[in-house]
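The residues making up each chain are set out below.
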Amino acid sequence: MPDNSVDVIISNCVINLSGDKDQVLREAFRVLKPGGRFAVSDVVTKGAVPEQLRNDMLLWVGCIAGALDENDYKSKLTAAGFAQPSIEPTRIYRVEDAREFLAGKGIDVDAMAQEVDGKFMGAFIRAVKPGAGATCCAPSCCGQ
């Protein structure tokens, strides 16, 4: 796709599946027109995630193991050139959600309950490519 040809990039839980999220974000930035908006729904983490979860390929498919920490996500967006990165939680997953999801996967949820409770969230991730006509893309200033 040529540079600067897209007004908006939207996605639903696919950036987590990429092994090179920095490259995905750089490409998103490249194809957006100045003032273009990046708006995705993805799973994001709050703080450290147990390595056992990160290493389980079944969880990669479920968008969990590849989830970025919220601060890392914002940093990666900024490093790719985006401005005004924001993360708006839409659902915070509790230990009971983890218990249901991880049942039958050989992971002792009770043993790691404190490490997973409230650590994963569904969120809207937004940013804007600076340039002509760039405006705020946070919910509070766009009426979204």
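See the structure shown above.
Residues numbered from 1 in each chain as written. Predicted model: local features only at pLDDT ≥ 70, side-chain atom pairs only at ≥ 80, totals over all residues. Heavy atoms only, no water.

Undergrad: Provide a residue-level description of the overall build of the chain, including the pertinent values.
TA: The secondary structure content of the chain amounts to 7 helices and 5 strands. When the helices and strands of the chain are listed from N to C terminus, the series reads β-α-β-α-α-β-α-β-α-α-β-α. Taking all 144 residues of the chain together, 41% fall into the buried category. Look at the contacts in the chain between residues 6 or more apart in sequence, and 78% of them connect residues 24 or more apart. Per element, the accessible surface of the chain, about 7,400 Å² overall, is 54% carbon and sulfur. (Helix = DSSP H or I, 4+ residues; strand = E, 2+ residues; numbered from the N terminus. Buried < 20%, exposed > 50% of the residue type's maximum accessible area, 1.4 Å probe, protein only. Contact = heavy atoms within 4.5 Å. Areas by Shrake-Rupley, 256 points an atom, 1.4 Å probe, with all protein chains shown as cover.)

Undergrad: Mind laying out unusual backbone geometry, listing which residues take part and the relevant values?
TA: In this structure, Cys13 takes a positive phi of about 55 degrees despite not being glycine. Position of Cys13 among the secondary structure elements: in the loop between strand 1 (6-12) and helix 1 (21-31). Even without being glycine, Gln84 reaches a positive phi, approximately 55 degrees.

Undergrad: Describe the pairing of strand 2 (residues 32-45), and please don't skip the residues or the numbers.
TA: Across 6 bridges, the pairing between strand 1 and strand 2 is parallel. Residue pairing across strands places Ile9 opposite Phe38, the latter belonging to strand 2. Crossover strand 1 to strand 2 through helix 1 is right-handed. Here strand 2 pairs with strand 5 (residues 120-128) via 9 bridges, running antiparallel. By the bridge assignment, Asp42 is partnered in strand 5 with Ala123. Relative to strand 3 (residues 68-69), strand 2 is paired through 2 bridges, and the arrangement is parallel. Each bridged residue has a counterpart across the sheet, and for Val44 the counterpart in strand 3 is Leu68. (Pairing = 2+ DSSP bridges. Right-handed = clockwise from strand over helix to strand, strands pointing away.)

As far as function goes, none of this settles anything; it's purely spatial.
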